[in-house]
Amino acid sequence: MRLRTLTLVTLLLVAAVAPVSGAAAVGPSAVEQQTTTTQAEACSFPYSATDATGTEVTLESDPGRIVTLNPSAAQTMWEIGARDEVVGVSQYAAYLDGASEKANVSGANGANVEKVLAANPDLVLVPSSSYGASKDRVDQLRAQGVPVFVFGEGTSLAYVANKTEQIGRLTGNCEAGREVADDVRESVSQMRAVLEDKEKPVGLNYFYGYTSGSNTFIGDVMTTGGLRNGAAEANISGFAQINDETVVAMNPEYVVAPEESPVPSNEAWNSTTALQEGNVIRVNTNYLQQPAPRSVDAAEAIMQAVHPDAYAEYRQMGAENGTATGETTTDETTTTVVVDDTPPESETETGAGTETGADSPGFGVLAGLVALVGAALLAARR
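Every chain's residues receive numbers from 1 upward, in the order its sequence appears when written. Only residues with pLDDT of 70 or above have their local features reported here, since the model is predicted, and side-chain atom pairs are shown and tallied only from 80 upward, although totals for entire chains, interfaces and linings are computed over all residues. Just so you know, side-chain values use all the structure's heavy atoms and leave hydrogens and water out.

**Thoughts on the packing of helix α8 (residues 174–195) against helix α16 (residues 308–320)**
Then, number 1: Following both chains from N to C, one finds α8 and α16 inclined at 135°, their axes separated by 9 Å at the closest point. One finds that α8 runs oblique with respect to α16. When the axes of α8 and α16 are compared, the crossing they make is right-handed. The segment α8 lies against α16, with Ser187, Gln190, Met191, Val194 and Leu195 engaging Ala310, Glu313, Tyr314 and Met317. Fitting a line to C-alpha atoms yields each axis, with helices limited to the stretch in contact; the angle taken between N-to-C directions then spans 0 to 180 degrees. A run of H or I in DSSP becomes a helix once it reaches four residues, and a run of E becomes a strand once it reaches two; helices and strands are each numbered from the N terminus. Reported orientations rely on four angle classes, namely roughly parallel under 35 degrees, roughly antiparallel over 145, roughly perpendicular from 65 to 115, and oblique for the rest. Helix crossings are classified by the rotation of the near helix relative to the far one: an anticlockwise turn of less than a right angle makes the crossing left-handed, while a clockwise turn makes it right-handed. Here, residues are in contact when the closest pair of their heavy atoms is within 4.5 Å.

Right under this line is the structure:
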């Protein structure tokens with residue numbers, strides 16, 4: 001993914017405008033002054049925006065202390081160069097470089113209100129799943145006068161770009177938010193361009209008995225990377241359970257799964273082209289399952305595995321445009337299975353097979369499943 005180095009850009013700009021020794025300093029032109037003023041006004045405070053709950057959130061001044069209750073919001077803050085403004089994160093953001101230096105605001109089955117308040121935040125960023133499962137905690141924070149912005153559920157990479165830009169605006173990092181959002185949009189556009197005439201094989205996302213159907217974030221990552229979403233074609237919507245009969249009928253040519261998560265090896269699965277040919281694509285968990293800028297890297301990993309020639313063309317396109325397309329981030333990552341800090345939701349609360357809006361789709365439902373069949377494994381990975 002193309003990611004501008006903001007610090008370097010800043011240094012170059014400073015060098016460009018600094019007066020040369022022995023020469024008279026020349027001030028900015030009228031056009032430059034007007035552009036700077038316009039940009040400052042566009043990122044000024046007070047600022048108000050309506051969140052996914054319909055609540056108008058007003059920030060009286062540029063927030064300097066941010067608490068993120070989901071790892072995708074934390075990842076976004078890191079990517080726009082604003083991690084120093086983050087004072088609190090969930091336990092599942094631990095993979096981010098320097099996250100251990102932040103307050104861990106996680107508690108039992110969600111965020112700990114006392115820990116959040118102790119971090120003295122100017123703004124709290126909340127996923128829709130946390131709000132749906134723990135609305136009372138958000139209400140408690142708002143009752144204390146803390147601005148809380150709740151995001152909607154992510155169903156596409158376009159959503160990731162828009163969310164990145166929104167977080168940049170909310171936190172006073174407008175230019176950085178726009179730049180990283182445009183990086184996402186451009187990378188997606190370039191991937192789709194080089195894949196336009198390619199034959200796309202059937203892919204299946206799998207995670208502990210569940211798959212990503214239509215209207216899901218992971219489904220869009222897969223199709224952007226050059227696969228057809230077999231679950232969507234089988235009329236599966238949202239993040240839903242999948243049975244062996246459907247897998248056999250679908251006969252996926254590729255299986256996309258987070259790192260280290262198990263893929264069945266029973267008779268049904270072993271009959272598929274994907275397993276017979278060893279086409280299981282393991283993708284960094286924190287990139288595949290979080291609607292944040294590094295999700296582009298997940299799409300790239302899929303494209304590299306499925307369409308290596310197109311991937312090479314994509315990389316060349318980025319090199320020619322000077323965009324460093326296809327480069328991954330430099331933070332060291334773990335292979336932690338990322339479940340959002342939310343308690344399990346029942347089918348009657350979310351609807352069978354629906355996406356909860358968590359960083360990992362359907363994790364409100366999935367948390368209960370993992371608790372029953374994989375709690376020990378999950379705990380070990382944390």
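Let's pick the thread back up.
**As for the nonpolar core**
Then, number 1: Side-chain atoms within 4.5 Å are what join buried Ala, Val, Leu, Ile, Met, Phe, Trp, Tyr and Cys residues into a set we call a nonpolar core. Exposure classes here rest on a 1.4 Å probe applied to the protein chains alone. A residue is buried below 20% of its type maximum, exposed above 50%, and partly exposed in between. Ranked by size, the top nonpolar core spans 29 residues in total, and within it Val221, Val256 and Ile302 carry the most contacts.
Then, number 2: Sorting the residues of this core by element identifies α7 (157–170), α8, α9 (217–224), β14 (254–258), β15 (280–283), α14 (285–288), α15 (295–306) and α16 as the ones contributing at least two each.
Then, number 3: Excluding anything up to four places from it in sequence, isoleucine 302 contacts Val221, Met222, Gly225, Leu227, Val256, Ile281 and Val283.
Then, number 4: Counting 26 residues, the second largest nonpolar core, distinct from the first, contains Tyr47, Val57, Ala74 and Val180.

**What to know about the state of the cysteines**
Then, number 1: Criterion for a disulfide: a pair of cysteine sulfur atoms at a distance within 2.5 Å. What the rule picks out here adds up to one disulfide.
Then, number 2: For cysteine 43, the disulfide goes to cysteine 174, at an S-S distance of 1.9 Å. Across the disulfide from cysteine 43 to cysteine 174, rotation about the S-S bond amounts to roughly 85°, and the bridge is consequently right-handed. One end of the pair, cysteine 43, is in the loop between α2 (30–42) and β1 (47–50); the other, cysteine 174, is in helix α8, and 131 residues separate them in sequence.

**Describing the sheet that holds strand β5 (residues 103–104)**
Then, number 1: Any two strands with at least two DSSP-identified bridges between them are counted as paired. Strand order in the open sheet formed by five strands is β5-β4-β3-β8-β9, with parallel pairing between adjacent strands. What marks the edges here is a single partner per strand, and that holds for β5 and β9 (148–150).
Then, number 2: Running at roughly 150° to β9, helix α6 (residues 135–143) makes contact with β8 (123–126) and β9 of the sheet.

**A look at the side chain of serine 156**
Then, number 1: Among the structural elements, serine 156 can be located in the loop between β9 and α7.
Then, number 2: The buried category is assigned to serine 156, whose relative accessible area is 18%.
Then, number 3: Counting of polar contacts relies on pairs of N or O atoms within 3.5 Å, with two restrictions inside protein: one atom must be capable of donating a hydrogen and the other of accepting it, and residues adjacent in sequence are counted only when both atoms are side-chain atoms. From its side chain, serine 156 meets the backbone nitrogen of alanine 158 in a polar contact 3.4 Å long.
Then, number 4: Excluding its chain neighbours within four sequence positions, the residues that come into contact with serine 156 are Phe217 and Asp220.

**Focus on helix α3 (residues 71–79)**
Then, number 1: Counting buried residues along α3, nine of its nine residues qualify, which places the element largely inside the surrounding structure.
Then, number 2: Restricting attention to buried positions, one finds in α3 the residues Pro71, Ser72, Ala73, Ala74, Gln75, Thr76, Met77, Trp78 and Glu79.
Then, number 3: One or two residues past the end of α3 sits glycine 81, with phi positive at roughly 75°.

**Structural notes on the pairing of strand β4 (residues 86–89)**
Then, number 1: As defined by bridge partners, strand β3 (residues 66–68) adjoins β4 across two bridges and the pair is classed as parallel. Note that in β4 the partner of valine 67 across the bridge is glycine 88.
Then, number 2: Seen with its strands pointing away from the viewer, a crossover is right-handed when the path leading from the first strand over the helix to the second is clockwise. Tracing the backbone out of β3, into α3 and back to the parallel element β4 gives a crossover that is right-handed.
Then, number 3: Where β4 lies against β5, two bridges are found, and the strand directions are parallel. In the sheet register, valine 89 faces β5, and the bridge partner there is asparagine 104.

**A short note on the environment of glycine 226**
Then, number 1: Checked against the element boundaries, glycine 226 lands in the loop between α9 and β12 (228–229).
Then, number 2: On the basis of relative accessible area, glycine 226 is assigned to the buried category, the value being 0%.
Then, number 3: Linking glycine 226 and alanine 299, residues 73 residues apart in sequence, is a C-alpha distance of 8.3 Å.
Then, number 4: When sequence neighbours within four positions are dropped, the list of residues in contact with glycine 226 reads Leu195, Lys200, Pro201, Val306 and His307.

**Quick word on the sheet that holds strand β10 (residues 202–205)**
Then, number 1: The strand order β12-β10-β14-β15 describes an open sheet built from four strands, whose pairing is parallel. Of all the strands in the sheet, just β12 and β15 have a single pairing partner and so form its edges.
Then, number 2: Note: β10 against β12, two bridges, orientation parallel. Residue pairing across strands places glycine 203 opposite asparagine 229, the latter belonging to β12.

**Re the environment of valine 248**
Then, number 1: Residue position: valine 248 is located in helix α11 (residues 244–250).
Then, number 2: Residue classification places valine 248 among the partly exposed positions, given a relative accessible area of 42%.
Then, number 3: As a C-alpha pair, valine 248 and asparagine 270 span 22 residues in sequence and 9.3 Å in three-dimensional space.
Then, number 4: Those residues in contact with valine 248 that sit more than four places away from it in its chain are Ala268 and Ser271.

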